[in-house]
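Coordinate analysis (summary)
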Amino acid sequence: MEKSSVVDPFSSYEKVLLEQVIYRADSLIVISDIQGRIQHFNKKAQEATGFRPEEVLGKSWSEIFVPPAHQAKFRRMYKALQDGKSIPRNEKYPIRTKEGRELLIAWDRSFIKDRRDKIGLILSVGHDLTPLKIMEEERSHTQTILDSITDGVITVDPNLKIISLNKAASRMTDFNREEAFGQYCQDIFRCNLCDTFCPLKESIGKGKEIVNLERTILSRQNREIPINLSTTVWQDQDGNPIGGILVFRDLTSVTELRKELLEKYSFQDIISKNKVFLVLFQILPDIAKSGATVLITGESGTGKELVAKALHQLSPRKDRPFVKVNCGALPETLLESELFGYKRGAFTDAKQDKPGRFKLAEGGTLFLDEIGDISLAIQSKLLRVLETKEYEPLGGTRTEKADVRVVSATNKNLWTQVQTGEFREDLYYRLNLFPIEIPPLRDRTEDIPLLIDHFVTRFNHVHGRTIGGLDHSALEILLNHHYPGNVRELQNIIEHAFILCKTSYVSPDCLPAYLRKRNQKKDNGRGRKAIEEFERDMILEALRKNGGNAKETAKEMGIHRATLWRKMKRMKIAQ
Amino acid sequence: MKQEKNDIAVCVLGGRICPRFDLSHEIHIYDVKTSDREPSEKIDVSSLSPLESLNLLVGKEVRTVIVGGIQERYQAIFLDHHIKVIWGVMGEVNDVIQVYKKKSLYPGIGRVFDFNKPAR
């Protein structure tokens, strides 16, 4: 402790004791006389201000430490003290360092009286509030930045209690900062994974970053909002976890755009944005109206029956029956009676007349599936019906008229069968008046996200569920699959997932095991391509809706304008 | 004469009021006429869809459902069956029940504490 010889009311014992206490103190300690002249100045005060004792002792407090703006106040205070008036014991005011910086100090004053009970010295103990002030300023600065962004940001402590939320988070959840502060995140955020998997917990506990999970939240007013969320751990300077950060984005506009896209790429019950299908959607009404026989070819599960039904629905026969016969599933004799019917007594068990499918489809459409599987004998009878519009039921003597449009389908190459003599050439040409070839799903991966959306919507309706879709990993698996079973296989996969899915989004665990195993082996990159194409469509649709205005488009899609520009440039989209 | 039921159903997740009806893993049924602090029945609904849980509560003829959030479509079904829904409730189940018994629980109440409960 440094000292001066101006006033010294202490005994030598007191002085030693005081010296020790003051020297070791972790606070700034300055002792001044009633005129404000500095008498003692401890080490902490030296460190904080940068002054050496010989530079300050005996000098006026206000002259050394007080910034110009506060000097008048100080002079008034010491004048009041000299006049025997009281002054505040606790105050916050700044002091000036040797370098001219200002430190905000919380001062606690004690008055040391002499034996005549007069104030002899003023003991000022100060706590430097500058770090707190800086922290507060930084916090306010950070809050201002966070409030200016459109994504919701919530920070939590390790117990998952909310520390802060920005304006966007407040708007989406309908909870203001004061209401949310200190509450458990799940009570405010109300996300449809709070019950099973808390990404914040995962991030805090394992230091793992969780990105781009698509879920829904339920606002305070019970408004369900689709969101995309990411979480990360919040660490102190030493890397210790002190909480978690949750960032989420409102996907309402994106979801609406997806719905619009689905409608845009739907035709009757067929969903596709593949070029082959888009051409087909254009010409299908004309083919339907023409009444021509149509041969639909394509692998099993590609949706041949849907095209046949669309042809029927778009034709003038739409109010009459659509009758399907699976030719491959019936033996020859049965198929004949099934197609043309039989009369009572035609064979042993024919106890009464039975109308055939031609009769049942009268005025409508007869869909002959797996036409490549029928025998040559049936082929010739079928050819006769197509040529003469007449047929005779089994055991019948009268010829019946057939006003039926025939649409057939096969997953075989009929022309090869013609060449090998398995299929009649004349029938081939009769059936193949208008050929339609349906591409397999592996050749139109751009349709997979659309079809997934469609099946999710349908199964939600059928099973009374509210599954929001597939999470990123599950989607990646489905986009990379080869689909030997085509659309039917995809439909079965989604239905399988619906049975196993106990949460609101389908994760890889809910997919059939063969898909998960296969996906571990390879990623052929088709998935990413399909996602990009889907995204490209969404951007084009949003641009169209907003008259090409990039600012409005970015706003609608919930992304920054610069991000939109980057994406448009990468995808070669001209505004 | 059929005795009118006075049961309430509380959607629970980890000892607290479940933040969403569709996330409920457990539903506790309380008979508010009694002074019991324990539920008369605890139903595991973790394997049920929200609609199945809803139908189950309708079948049990509960009078009131207490939950954090609930989609409007589910609220509408409850209302059709004259079941009152007190939503927007946060807190520990026991606290909420005590506040309900004091007739102080209302939709949108937010965080609920039972200030009269003994300190631990």
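The coordinates are above.
In this report, the structure presented in the accompanying data block is examined.

What counts as what
Residues numbered from 1 in each chain as written. Chains lettered and ligands numbered in written order. Predicted model: local features only at pLDDT ≥ 70, side-chain atom pairs only at ≥ 80, totals over all residues. Heavy atoms only, no water. Helix = DSSP H or I, 4+ residues; strand = E, 2+ residues; numbered from the N terminus. Buried < 20%, exposed > 50% of the residue type's maximum accessible area, 1.4 Å probe, protein only. Contact = heavy atoms within 4.5 Å. Areas by Shrake-Rupley, 256 points an atom, 1.4 Å probe, with all protein chains shown as cover. Buried area = accessible area lost by both parts, 1.4 Å probe. Salt bridge = Lys/Arg side-chain N within 4 Å of Asp/Glu carboxyl O. Polar contact = N/O pair within 3.5 Å; in protein donor to acceptor, adjacent residues only side chain to side chain. Nonpolar A, V, L, I, M, F, W, Y, C, P; charged D, E, K, R; others polar. Phe/Tyr/Trp six-rings, centres within 6.5 Å; stacked < 30°, edge-to-face > 60°. Lys NZ or Arg CZ within 6 Å of the ring centre and 35° of its normal. Pairing = 2+ DSSP bridges. Axes fitted to C-alpha atoms, helices over the stretch in contact; angles between N-to-C directions.

1. A closer look at the overall build of chain A
Tallying secondary structure elements over chain A gives 25 helices and 23 strands in all. When each of the 575 residues of chain A is scored for burial, the buried share is 47%. Residue pairs in contact within chain A that sit at least 24 positions apart in sequence constitute 60% of those at least 6 positions apart. About 29,700 Å² of surface is accessible on chain A, with carbon and sulfur atoms providing 50% of the total.

2. Brief notes about the interface of chain B and chain A
Listed per partner, the contact involves 27 residues of chain B and 22 residues of chain A. Carbon and sulfur atoms make up 52% of the surface buried where chain B meets chain A, a total of about 1,900 Å² over both sides. Counting across the interface, chain B meets chain A through three salt bridges. A salt bridge links Glu224 of chain A to Arg73 of chain B; the shortest N-O distance between them is 3.6 Å. Where chain B touches chain A, the interface holds nine residue pairs in polar contact (both at pLDDT 80 or more). Contributing elements (two or more residues each) for the side of chain B that touches chain A: strand E2 (16-17), helix H1 (50-59) and helix H2 (72-80) of chain B. Top element by residues in the side of chain B that touches chain A is H2 of chain B. It accounts for four residues. Across the side of chain B that touches chain A, the residue classes break down as 10 nonpolar, 11 polar and six charged.

3. A few points about the packing of aromatic side chains
Summed over all chains, the structure comprises 22 aromatic pairs over all chains. The interplanar angle of 65 degrees and the centroid separation of 5.3 Å between the aromatic rings of Trp61 of chain A and Trp107 of chain A together place this pair among those described as edge-to-face. Highlighted residues: Trp61 of chain A in helix H4 (residues 61-65) and Trp107 of chain A in strand E4 (residues 102-113), separated in sequence by 46 residues. The same class applies to Trp61 of chain A as to Trp107 of chain A, namely buried. An aromatic cluster of three or more residues is present, and its members are Phe41, Phe51, Trp61, Phe65, Phe74, Tyr78, Tyr93 and Trp107 of chain A. The positively charged end of Lys161 of chain A is found above the aromatic ring belonging to Tyr184 of chain A, 5.0 Å away from the centroid. Positioned over the ring face of Tyr74 of chain B is Arg73 of chain B, at 5.0 Å from the centre of the ring.

4. Details of the sheet that holds strand E10 (residues 241-250) of chain A
Paired through their backbone hydrogen bonds, the strands of a sheet run either parallel or antiparallel. Residues and elements named next belong to chain A. Pairing is antiparallel across the open sheet formed by five strands, whose spatial order is E7-E6-E10-E9-E8. Two strands close off the open sheet at either side, each with one partner strand: strand E7 (162-165) and strand E8 (210-218). When the angles between neighbouring strand axes are averaged without regard to direction, this sheet yields 30 degrees. Alignment of E8 against strand E9 (residues 224-235), held across seven bridges, turns out to be antiparallel. Opposite Thr216, over in E9, you have Pro226 as the bridge partner.

5. Thoughts on the sheet that holds strand E2 (residues 38-41) of chain A
Residue and element names in this part refer to chain A. Spatially, E2-E1-E5-E4-E3 is the arrangement adopted by the five strands of the open sheet, whose pairing is antiparallel. Looking at the sheet topology across the chains shown, the edges are occupied by E2 and strand E3 (90-96). Ignoring which end each strand starts from, the neighbouring axes of this sheet average 30 degrees apart. Bridge analysis of E3 against E4 gives seven bridges, and the strand direction is antiparallel.

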